[in-house]
Amino acid sequence: MPTVAHDGGVVMLSPELAGFTDARFGDFTTGNVLKDGLDVLVAEAEERTSWITEFWQGVDACRATCPAFAFCGGAHAANRYFEHAGRFDGTRTRYCTTAKIALLEGVTRHVRSHAR
Ligand code: SF4
């Protein structure tokens, strides 16, 4: 999901990252639509965007450790970054704990209670 900022900068996956900068990842942009087409930026996103590699490592860690992965998919790049001290390869966050894991547990509990 690309987000195009007011200056043409394109941030992939998490619009919440637009406008922030990081010592390792710069301004998180994949490029700028004033210079390259959005189709090119999307097609070349992984080669152009170093933080996405670290993000996929986090998704892989989620896949390996989280029972809610099939439901969640391990997304939420900005939550990983802001809740794990500027890293994308962490797993559980406060956001996913409340918005994904608790939701899944609640629905599962509800279904089980009505299946009896
Ligand atoms: S619920 Fe959290 S820990 Fe589990 S897969 Fe999603 S992001 Fe990862």
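To be clear, the structure that these remarks concern was listed above.
A few points on the structure. Residue positions are counted from 1 within each chain, in the order its sequence is given. Where local features are concerned, this predicted model is filtered to residues with pLDDT of at least 70; where side-chain atom pairs are given and counted, the filter is 80 or more; whole-chain, interface and lining totals use all residues. Remark: hydrogens and water are excluded; side-chain values derive from all non-hydrogen atoms of the structure.

**Looking at a nonpolar patch on the surface**
For clarity, the cut-off: The patches reported here contain residues having more than 30% relative accessible area and no salt bridge. Joining distances are 9 Å for like charges and 5 Å for nonpolar side chains (Val, Leu, Ile, Met, Phe, Trp, Tyr). Method for areas: the Shrake-Rupley scheme with a 1.4 Å probe, in which residue coverage is limited to the protein chains shown. For this analysis, a salt bridge means a side-chain nitrogen from Lys or Arg found within 4 Å of a carboxyl oxygen belonging to Asp or Glu. In this text, helices come from DSSP runs of H or I with a minimum length of four residues, and strands from runs of E with a minimum of two, each type numbered from the N-terminal end. Note on exposure labels: buried denotes an accessible area under 20% of the residue type's maximum, exposed denotes more than 50%, and partly exposed covers the range between, all computed with a 1.4 Å probe on protein chains only.
The grouping of Val4, Val33, Leu34, Leu38 and Val42 at the surface amounts to a nonpolar patch, some 420 Å² of accessible area in total. Of note, Leu34 is situated in the loop between strand S3 (31-32) and helix H1 (38-43). Leu34 sits in the exposed class, given a relative accessible area of 72%.

**Regarding the pattern of salt bridges**
One pass over the structure, following the stated rule, counts seven salt bridges. Note that Arg24 is salt-bridged to Glu54, the shortest N-O span being 2.8 Å. Placement of the pair is Arg24 in the loop between strand S2 (9-11) and S3 and Glu54 in helix H3 (residues 50-65), with a sequence separation of 30 residues. One salt bridge in this structure joins Arg87 and Glu54, with 3.1 Å as the shortest N-O distance. Note that Arg87 is positioned in the loop between helix H5 (77-83) and helix H6 (94-114) and Glu54 in helix H3, a separation of 33 residues in sequence. Overlapping salt bridges bring together Arg24, Glu54, Arg87 and Asp89 as one network.

**A word on the site of the ligand**
The criterion, for reference: Being near a molecule or strand, for a residue, comes down to having at least one heavy atom within 4 Å of it. Using only the protein atoms, space was sampled on a 1 Å grid; points where a 1.4 Å probe fits but cannot get out form cavities, open sets with protein on both sides within 12 Å along at least five of seven lines form pockets, and lining residues are those with an atom within 4 Å of a point. Should more than half of a molecule's atoms lie within 2 Å of a pocket's or cavity's grid points, that molecule is taken to sit in it. Each residue is assigned to one class: nonpolar for Ala, Val, Leu, Ile, Met, Phe, Trp, Tyr, Cys and Pro, charged for Asp, Glu, Lys and Arg, and polar for all the others, Gly among them.
Residues in close proximity to the ligand include Cys62, Cys66, Phe69, Cys72, Gly74, Arg92, Cys96, Lys100 and Ile101, which together make up its full environment. A molecule is said to occupy a pocket when more than half its atoms come within 2 Å of that pocket's grid points, and by this definition the ligand occupies the largest pocket. Contributions of two or more residues to the shell around the ligand are made by helix H4 (69-72) and H6. In terms of residues, the shell around the ligand owes the most to one element, H6, which gives three residues. For the shell around the ligand, a count of residues per class yields six nonpolar, one polar and two charged.

**Comments concerning the layout of surface pockets**
For clarity, the threshold we go by: Grid points are joined across faces, edges and corners, and a volume is the space filled by probe spheres set on the points.
Empty space within the largest pocket amounts to approximately 190 Å³. The wall of the largest pocket is formed by 17 residues, among which Cys62, Cys66, Thr91, Arg92 and Cys96 lie closest to the centre. Going through the elements one at a time, H3, H4, H5 and H6 are the ones with two or more residues in the lining of the largest pocket. Take the lining of the largest pocket: its biggest share by element is three residues, from H6. For the lining of the largest pocket, the residue count by class is eight nonpolar, six polar and three charged.

**Thoughts on the nonpolar core**
Going by this rule: As used in this record, nonpolar core signifies buried Ala, Val, Leu, Ile, Met, Phe, Trp, Tyr and Cys residues forming a set joined through side-chain atoms within 4.5 Å. Note on contacts: a residue pair is in contact if any heavy atoms of the two residues lie within 4.5 Å.
Core analysis: the largest hydrophobic core is formed by 18 residues, its most contacted members being Met12, Leu17, Phe28, Trp51, Phe55 and Phe88. Looking at this core, the elements with two or more residues in it are S2, H3 and H5. Considering every element that reaches this core, the biggest residue donor is H3, with five residues. Discounting chain neighbours no more than four positions away, the residues touching Leu17 are Val11, Phe28, Trp51, Ala78, Tyr81, Phe82 and Phe88.

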